[in-house]
Amino acid sequence: LVSGFLENEGHTVRRAADGVEALERFEEGGVDLLLTDLVMPALGGVRLAHLVTELDPSVAVLFMTGYPGRGHVEVEDLPAGIPMLYKPVEPETLCRAVADALAKRRRA
């Protein structure tokens, strides 16, 4: 659903089954924004975001979670300043968050 919402807004989306696959896709290049779930198999979203931004600090990052209270991730583990979207997310909220993150990236 999330991919579909973003594709309907004209974004190119690269899907990944887990954090390891997401990192591999990122390393292929051409990524402006990482939208990642906090809790994923093999490599969680916080660690993935850390690795991605080490490789390219200009990449925008958004977190998503379906767990109230941020699931298994401690609040202090979350990087400062990265927006959090809570599932289920409304299409308008998702698209606005993506647009805001990309605009902020362009201004940096």
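Worth saying up front: this structure is predicted, and the values here are computed from it rather than measured.

K.L.:
Just give me the short version of helix H4 (residues 91–107), but keep the residues and values in it.
P.N.:
End to end, H4 covers 24 Å across 17 residues, agreeing with the expected 24 Å (1.5 Å per residue, within 8%). Every buried residue of H4 is accounted for by Leu 94, Cys 95, Ala 97, Val 98, Ala 101 and Leu 102. For H4, the buried positions fall inside an angular range of 160 degrees around the axis, keeping them on one side. H4 presents Glu 92, Lys 104 and Arg 107 as exposed residues on the side facing more than 90 degrees away from its buried surface.

K.L.:
Lay out the environment of Val 89 with the relevant residues and their values.
P.N.:
Tracing the sequence through the fold places Val 89 in the loop between strand S3 (84–86) and H4. In the structure, Val 89 is positioned 39 residues away from His 50 in sequence and 24 Å away in space, judged by C-alpha atoms. Other than its neighbours up to four places away in sequence, Val 89 contacts Phe 5, Met 64 and Leu 94.

Definitions and cut-offs
Residues numbered from 1 in each chain as written. Predicted model: local features only at pLDDT ≥ 70, side-chain atom pairs only at ≥ 80, totals over all residues. Heavy atoms only, no water. Helix = DSSP H or I, 4+ residues; strand = E, 2+ residues; numbered from the N terminus. Expected span 1.5 Å × (residues − 1). Buried < 20%, exposed > 50% of the residue type's maximum accessible area, 1.4 Å probe, protein only. Arc of directions from axis to C-beta. Contact = heavy atoms within 4.5 Å.

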